[in-house]
Amino acid sequence: MVLALTVCGIVVALVVVALFVFGLRRRLIQRSGGTFDASLRWDTPEEGDKNGKGWAYGVARYNGDRVEWFRVFSYSPRPRRVLERSAIEVAGRRVPEGEEELALLSDHVILACLHRGTRLELAMSEDALTGFLAWLEAAPPGQRVNVA
């Protein structure tokens, strides 16, 4: 009986510590400011795939001329993807359709992009999209930015 209670206590403590670390990591990512919630789908087909598969929920952070994207359910302190402003080409935007509506947050809009020849899609709120497009267009003089 004592062993069972000890094991249960250890399991509960580990769950609490894991949740605390998730929260602490997100707080550290957001500490420098300029963050927004964004789901990412990397290397998407050209015709568009609306089955809802491949989306990963995350947090994006502006860092100079880059956007760093972190998975929410990860312990890694490093970004999973880094997008350079000069390499991003916006191909279009759309609303989620079909099963995508279940895979994404309800108020998100999908932005189709090219980054160094790789097709990707970012899903974010309208406010975050406005900020992202403004950030893209605010490139320093001499940099090429393609916003459709």
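Residues numbered from 1 in each chain as written. Predicted model: local features only at pLDDT ≥ 70, side-chain atom pairs only at ≥ 80, totals over all residues. Heavy atoms only, no water.

You'll find the protein chain entered in an unreviewed UniProt entry as DUF2550 domain-containing protein, with Streptomyces swartbergensis given as the organism.

> Help me out: how do you make sense of the confidence of the model for the protein chain in this one?
Reading predicted coordinates in detail is not appropriate for stretches of low pLDDT. Looking at the protein chain as a whole, the pLDDT averages 87, with 91% of positions reaching at least 70. Confidence scores differ between elements of the protein chain, with helix H1 (residues 2–31) showing the lowest mean pLDDT of 85 and strand S4 (residues 81–84) the highest of 95. (pLDDT = per-residue confidence, 0-100. Helix = DSSP H or I, 4+ residues; strand = E, 2+ residues; numbered from the N terminus.)

> Which parts of the structure should I look at to understand the environment of aspartate 65?
Its location among the elements puts aspartate 65 in the loop between strand S2 (56–63) and strand S3 (66–71). Residue aspartate 65 is classed as partly exposed on the basis of its relative accessible area of 31%. Sequence separation of aspartate 65 and arginine 85 is 20 residues, and the distance between their C-alpha atoms is 5.4 Å. Within the local environment of aspartate 65, its side chain forms a polar contact with the side chain of arginine 85, the two groups lying 2.3 Å apart. (Buried < 20%, exposed > 50% of the residue type's maximum accessible area, 1.4 Å probe, protein only. Polar contact = N/O pair within 3.5 Å; in protein donor to acceptor, adjacent residues only side chain to side chain.)

> Help me understand helix H3 (residues 126–137) in this model?
Because the α-helix completes a turn every 3.6 residues, residues three or four places apart line up on one side. Here H3 is twelve residues long and its end C-alpha atoms lie 17 Å apart, about the 16 Å a rise of 1.5 Å per residue gives. Restricting attention to buried positions, one finds in H3 the residues Ala128, Leu129, Phe132, Leu133, Trp135 and Leu136. The arc that holds the buried residues of H3, viewed along the axis, is 155°, so those residues lie on one side. Opposite the packed face of H3, turned more than 90 degrees from it, sit the exposed residues Asp127, Thr130 and Glu137. (Expected span 1.5 Å × (residues − 1). Arc of directions from axis to C-beta.)

> Whenever I open this one, the nonpolar core confuses me. Can you help?
Considering soluble globular proteins, one finds that nonpolar side chains tend to be buried as a cluster. In this structure, Phe36, Ile88, Leu111, Leu122, Met124, Phe132 and Leu136 are the most contacted members of the largest nonpolar core, which totals 22 residues. Among the secondary structure elements, those contributing two or more residues to this core are strand S1 (35–42), S2, S3, strand S5 (88–94), strand S6 (108–115), strand S7 (118–125) and H3. For methionine 124, the residues in contact, after removing those within four places along its chain, are Phe36, Asp37, Asp107, His108, Val109, Leu129 and Phe132. (Core = buried A, V, L, I, M, F, W, Y, C linked by side-chain atoms within 4.5 Å. Contact = heavy atoms within 4.5 Å.)

> Sorry if this is basic, but what is going on with the pattern of salt bridges here?
Taken as a whole, this structure holds nine salt bridges when the rule is applied. Linking glutamate 126 and arginine 93 is a salt bridge whose minimum nitrogen-to-oxygen distance equals 3.1 Å. Residue glutamate 126 is found in helix H3, and its partner arginine 93 is found in strand S5; the two are separated by 33 residues along the sequence. Judged by its relative accessible area of 39%, glutamate 126 falls in the partly exposed class. Each of Arg41, Arg94, Glu100 and Glu121 takes part in a single network of salt bridges with overlapping partners. (Salt bridge = Lys/Arg side-chain N within 4 Å of Asp/Glu carboxyl O.)

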